[in-house]
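Structure at a glance
Residues per chain are reported as follows:
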Amino acid sequence: SGDTLTIDAGIDILFMGQYEFLIYGVLYAMGTESDSIRFSSGQPSKNIGDWRRLRFSNNGADGSYLNYTVVEYGGSEQSNPDYGNIMMSNAAEIVINHSRIHSSYNCGIYEKDTGTKLTLTNSNIHDNNYNGIYGSNYATGNISGNDIHNNMVGIWTRHNCSFDISDNDIHNNN
């Protein structure tokens with residue numbers, strides 16, 4: 001808690017099994033349009049659920065940033081809506097911009113708990129087995145300008161969540 005990790009453009013972080021990246025401080029993953037950052041499976045033949053997730057917890061108002069970042073082939077190997085390529089809890093705040101979150105065994109992004117806030121803009125959330133975005137237990141968010149498609153459900157919220165959702169293209173979800 002209180003520490004910051006910056007990942008520069010062009011870096012690939014590959015997971016070789018059921019591991020998760022726990023972020024209890026601040027993560028700046030600052031890719032560029034021509035040189036993104038990738039969190040992915042390190043397996044020669046990539047499959048959904050090859051690794052667990054990025055898990056953000058209690059980074060508070062300092063927040064984390066994922067810009068021009070790809071998060072793919074995670075979500076764990078077990079069927080559980082509490083898993084996703086990205087999980088946010090315990091007052092985590094994240095800004096995700098110009099990113100692709102796809103091919104999760106479960107949700108693309110799972111957000112829960114009071115004080116947890118997702119700002120998602122200009123991103124592509126697709127081909128996740130369950131929800132593209134799943135919010136529960138008083139989570140909040142601003143979701144705008146995204147393409148959310150080919151998930152079981154595009155966006156699902158429950159248990160007193162508050163999301164501002166505008167100008168998204170949400171299509172081809174079951």
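Residues numbered from 1 in each chain as written. Predicted model: local features only at pLDDT ≥ 70, side-chain atom pairs only at ≥ 80, totals over all residues. Heavy atoms only, no water.

Notes on the pairing of strand β9 (residues 84-89)
With six of six residues buried, β9 is to be regarded as a mostly interior element. Alignment of strand β6 (residues 53-57) against β9, held across four bridges, turns out to be parallel. Paired with Arg-55 across the two strands is Met-87, which belongs to β9. Where β9 lies against strand β12 (residues 107-112), four bridges are found, and the strand directions are parallel. Of the residues in β12, the one forming a bridge with Ile-86 is Ile-109. (Buried < 20%, exposed > 50% of the residue type's maximum accessible area, 1.4 Å probe, protein only. Helix = DSSP H or I, 4+ residues; strand = E, 2+ residues; numbered from the N terminus. Pairing = 2+ DSSP bridges.)

Examining the sheet that holds strand β19 (residues 162-166)
The strands making up a sheet are joined through hydrogen bonds of the backbone, oriented either antiparallel or parallel. Ordered by their spatial adjacency, seven strands build an open sheet running β1-β4-β7-β10-β13-β16-β19, and the pairing between neighbours is parallel. Edge strands, defined here as strands with exactly one partner in the open sheet, are β1 (4-8) and β19. On average, each strand axis in the sheet is tilted by 10° relative to the strand beside it, whichever way the strands run. Summarising the sheet, strand β10 (residues 93-97) and strand β13 (residues 117-121) pair through five bridges and their orientation is parallel. Note that in β13 the partner of Val-95 across the bridge is Thr-119. (Axes fitted to C-alpha atoms, helices over the stretch in contact; angles between N-to-C directions.)

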